[in-house]
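Structural overview
So you can see what is in the structure, the chains are spelled out below.
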Amino acid sequence: MILTTRTIGLLVTMAVVTGGAAWGVHALIASAGGAGSDYGLDTNGNGKFEWLVVEAQVSLPAAGTWEIYADLSTDKAPATGACGIGVPRPLPMMLTSTVYGPIAWTNERYFFPAGSHTARMSFNGTEIARAGVDGSYAVHARLSLGGMPYMGMPVPEPIRSDGVVEWNYTTRAYAVSEFEPPVRTAFFTGGHADSAVDVDTDGLADFLELTADVHVNTAGHYSLYGTLSKGSGSDAIRSIAYAYRDFNLTTDDTKVFLRFRGDRIRQAGLDGPWDFALTLFGPTDPPGIAMGQPSVGLLRPVPFSHPEMLCGSTQAYRAAAFDDTVEFLRYTGRFEESTPDRDGNGKYDALVVRAEVDVLLGAGFAVSGVLRPAGGSVELARATSQLWLRDDLQWVEFVFPGPQIRGSGVDGPYEGMLSITPGPSGIDPTTTYVTKAYRAADFDNESLGTRGYWISNMTATPTGSNLAIAVGVTRGPDMLALVFEDSLEVRVTNAAGTIVGSFQAKVYLASTGTEQSFAFSINGLSSGRYTVTVILGPESRPVDARTVVVTV
């Protein structure tokens, strides 16, 4: 069969529009069955097949490097897909196909002289186990001299007629339980519960909280995505709400939860019970890069992640029982304040007020604050920023610039009006906080700007004649899509001011909320007092600096 670029394009197009991942394009290519053999291979002695090995007896017309693309399919589809979603049927033009797949594939390359040969192909047993369908399995192999052209690669046209050999084969019967089961980093165990949560006790629920039981085999960072929907008695499905959350899980039996916004449920206007679908990604795969199987045999296999899913139904709820405004976070009542002097000139660069908040629903927030004299109404300084807050207890910083306070000429104490507004709309929680007494003249008339990262911890621990130094640098919860890079310098001086040890390191903070840890050590110190200085950023204009004195 001579495949031209036009023909290949037609086959790819047909496979795409028919959901080619479920219905192989090779159903269009007629070729006779071939002689061969197959067997399961257990490589680690655990009684499960890690590989299904298929050996094809083929006659090749010419010597050269032959590329083999082979896929494994079945003559029956699973009764349902994930979460009970039916397997889509092909378009009418494809109804003659009885093939479901590919469920596994391989791509190999060998040099063969002309003549009869045995070409060996190996299919991953875990992929077969994941498909969940017993054999026999249909094998379709395509051997191409010099390699079959891939999408986007220019090739001569037409391809020589003896440069492509098709081979079809059916394996013996296998039970899917004979193959190596997939490694599941974490999976739902089936238990789940849901409840309406009324945060502000006004009689209307702010969220629908859905909890699911999970068993974690691999600790790490996971992401959970969920949807609420309701069928309308026909083929149509109405979307009610969606939710997303990421978190760290340890190896254990635990629970994960999502909160669906009550205002979306109320707006949908459909009473429960509702159907839910939860998808768990991880421990390292974000949902945006999960990739599926290649849609047709003409594409190279690519790596892909396998998320875990749980589906079910909630209890019966009335949509009108949910609030049309949602409280995304609440203040806990804990506050802190500081006056950093980052350039070390004896003047405060800013007045920083930190408020602890309990984030009920992760989202982007606009942070603003107004500083006034205690009991007064004149605005002395203003703080503004944007950040992303995840579900949990967190601290939010309101940074009032020192030059604005100094320019006002008004001494403290000051009263701060603090506001955190969720980007997706909702209640704007506002609170007030009264600071300590300050002199306006103690603030700097120049500002180094708001720091997005800082030295979060620093310890110097002497043990005998040795000194161990630990430093942590933390990036704040900003919404910037960029990497923070800077330098870190550590100096150790003795009582006479002589440097007895120094270290340099690179700070690399890739995303919001990340932390980088550093460890340094000095051995063989004499008895005495030592000063440890840590400088983040250039010494002339440091982002942050810390000093501690220890006795060895």
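Residues numbered from 1 in each chain as written. Predicted model: local features only at pLDDT ≥ 70, side-chain atom pairs only at ≥ 80, totals over all residues. Heavy atoms only, no water.

**Quick word on the packing of aromatic side chains**
With the rule as written, the count across this model stands at 18 aromatic pairs. Ring centres of Tyr137 and Phe179 lie 6.5 Å apart, and the angle between their planes is 65°; on these two criteria the pair is classed as edge-to-face. With Tyr137 in the loop between α2 (125-131) and β6 (138-145) and Phe179 in the loop between β7 (164-170) and β8 (186-197), this pair connects stretches of sequence that are 42 residues apart. For the pair Tyr137 and Phe179, one class covers both residues: buried. (Phe/Tyr/Trp six-rings, centres within 6.5 Å; stacked < 30°, edge-to-face > 60°. Helix = DSSP H or I, 4+ residues; strand = E, 2+ residues; numbered from the N terminus. Buried < 20%, exposed > 50% of the residue type's maximum accessible area, 1.4 Å probe, protein only.)

**Let's talk about unusual backbone geometry**
In this chain, Gly272 is followed by Pro273 through a cis amide linkage whose omega measures 10°. Structurally, Pro273 is set in the loop between α3 (262-268) and β13 (275-281). With an omega of 15°, the peptide bond running from Gly412 to Pro413 counts as cis. Along the chain, the position of Pro413 falls in the loop between α4 (402-408) and β20 (414-422). Although it is not a glycine, Thr201 adopts a positive phi angle of roughly 50°. If you trace the backbone, Thr201 turns up in the loop between β8 and β9 (207-216).

**Side note on the side chain of Gln394**
Relative to the assigned elements, Gln394 resides in strand β19 (residues 392-401). For Gln394, the contacting residues outside a window of four places in its chain are Ala355, Glu356, Val357, Val359 and Leu389. (Contact = heavy atoms within 4.5 Å.)

**As for the nonpolar core**
In terms of nonpolar packing, the biggest core is built from 33 residues, with Phe398 and Phe400 touching the most fellow members. Elements supplying a minimum of two residues to this core: β15 (329-338), β16 (350-359), β17 (363-373), β18 (381-389), β19 and β20. Of all the elements, β16 adds the most residues to this core, at five residues. (Core = buried A, V, L, I, M, F, W, Y, C linked by side-chain atoms within 4.5 Å.)

**Describing the pattern of salt bridges**
Tallied over the entire structure, the rule returns 17 salt bridges. A salt bridge links Lys255 to Asp213; the shortest N-O distance between them is 2.5 Å. One end of the pair, Lys255, is in strand β12 (residues 253-261); the other, Asp213, is in strand β9, with 42 residues separating them in the sequence. Exposure remark for Lys255: the relative accessible area of 54% places this residue in the exposed category. Here Arg261 makes a salt bridge to Asp263, at a shortest N to O gap of 2.7 Å. Here the salt bridges do not stand alone but share partners, grouping Glu336, Arg354 and Glu397 into one network. (Salt bridge = Lys/Arg side-chain N within 4 Å of Asp/Glu carboxyl O.)

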